[in-house]
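# Structural overview for review
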Amino acid sequence: LVLTMLLAELAPYISRRGDGSGQELFSWYHRQFWVAAEEHLFGGSEQQSEGFVSSQARHQQLADLFAGKWAGVAKPYSAW
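Residues numbered from 1 in each chain as written. Predicted model: local features only at pLDDT ≥ 70, side-chain atom pairs only at ≥ 80, totals over all residues. Heavy atoms only, no water.

### Focus on the pairing of strand β2 (residues 24–28)
Note that strand β1 (residues 14–18) and β2 share five bridges and pair antiparallel. Within β2, the residue paired with Arg 17 across the bridge is Leu 25. Between the end of β1 and the start of β2, which pair antiparallel, lie five residues, with Gly 20 showing a positive phi angle near 95°. (Pairing = 2+ DSSP bridges. Helix = DSSP H or I, 4+ residues; strand = E, 2+ residues; numbered from the N terminus.)

### What about the packing of aromatic side chains?
When we look at a pair of aromatic rings, we describe it by the centre distance and by the angle of the planes. What the rule picks out here adds up to two aromatic pairs. For the ring pair Tyr 13 and Phe 33, a centre distance of 5.4 Å and an interplane angle of 65° mean the geometry is edge-to-face. Here Tyr 13, found in the loop between α1 (2–10) and β1, pairs with Phe 33, found in helix α2 (residues 31–42); they are 20 residues apart in sequence, far enough to count as distant. Arranged with centres 4.7 Å apart and planes meeting at 20°, the rings of Trp 28 and Phe 33 form a pair that is stacked. For Trp 28, a relative accessible area of 31% corresponds to the partly exposed category. Residue Phe 33 is classed as partly exposed on the basis of its relative accessible area of 30%. Grouping aromatic residues by their ring pairs yields a cluster made of Tyr 13, Trp 28 and Phe 33. (Phe/Tyr/Trp six-rings, centres within 6.5 Å; stacked < 30°, edge-to-face > 60°. Buried < 20%, exposed > 50% of the residue type's maximum accessible area, 1.4 Å probe, protein only.)

### Overview of the pattern of salt bridges
Counted under the stated rule, the structure contains two salt bridges. For Glu 24, the salt bridge identified is with Arg 16, shortest N-O distance 4.0 Å. For Glu 24, a relative accessible area of 47% puts it in the partly exposed group. In this structure Arg 16 comes out as partly exposed when scored by relative accessible area, which is 48%. For Lys 69, the salt bridge is made with Asp 64, and the minimal N-O distance between the two is 3.7 Å. (Salt bridge = Lys/Arg side-chain N within 4 Å of Asp/Glu carboxyl O.)

### Side note on the confidence of the model for the chain
In the predicted model, the chain carries a mean pLDDT of 79, and 82% of its residues have values of at least 70. Element-level pLDDT for the chain is lowest in α2, with a mean of 82, against a maximum mean of 88 in α1. (pLDDT = per-residue confidence, 0-100.)

### Focus on a nonpolar patch on the surface
A cluster of nonpolar side chains, Tyr 13, Trp 28 and Trp 34, forms an exposed patch at the surface whose accessible area comes to about 300 Å². Tracing the sequence through the fold places Trp 28 in strand β2. (Patch = residues over 30% accessible without salt bridge, like charges linked within 9 Å, V, L, I, M, F, W, Y side chains within 5 Å. Areas by Shrake-Rupley, 256 points an atom, 1.4 Å probe, with all protein chains shown as cover.)

Printed below as a string of structure tokens:
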């Protein structure tokens, strides 16, 4: 239900396409969403100092999260 509501709200901003396997692939319709996400997650291309996190480090953090490393443990960072 929540996913359905979220997709309904984001419909004007999402592009849907098939990947050839019968699955549907969702991506952002406008380039500005990609740029904003990169700046938020990686600190932007011009911000190479304190707030910068490499894509490899962010990938490792996500891998740890999905592997359950952070289950029941205080997270070292906040999404906001």
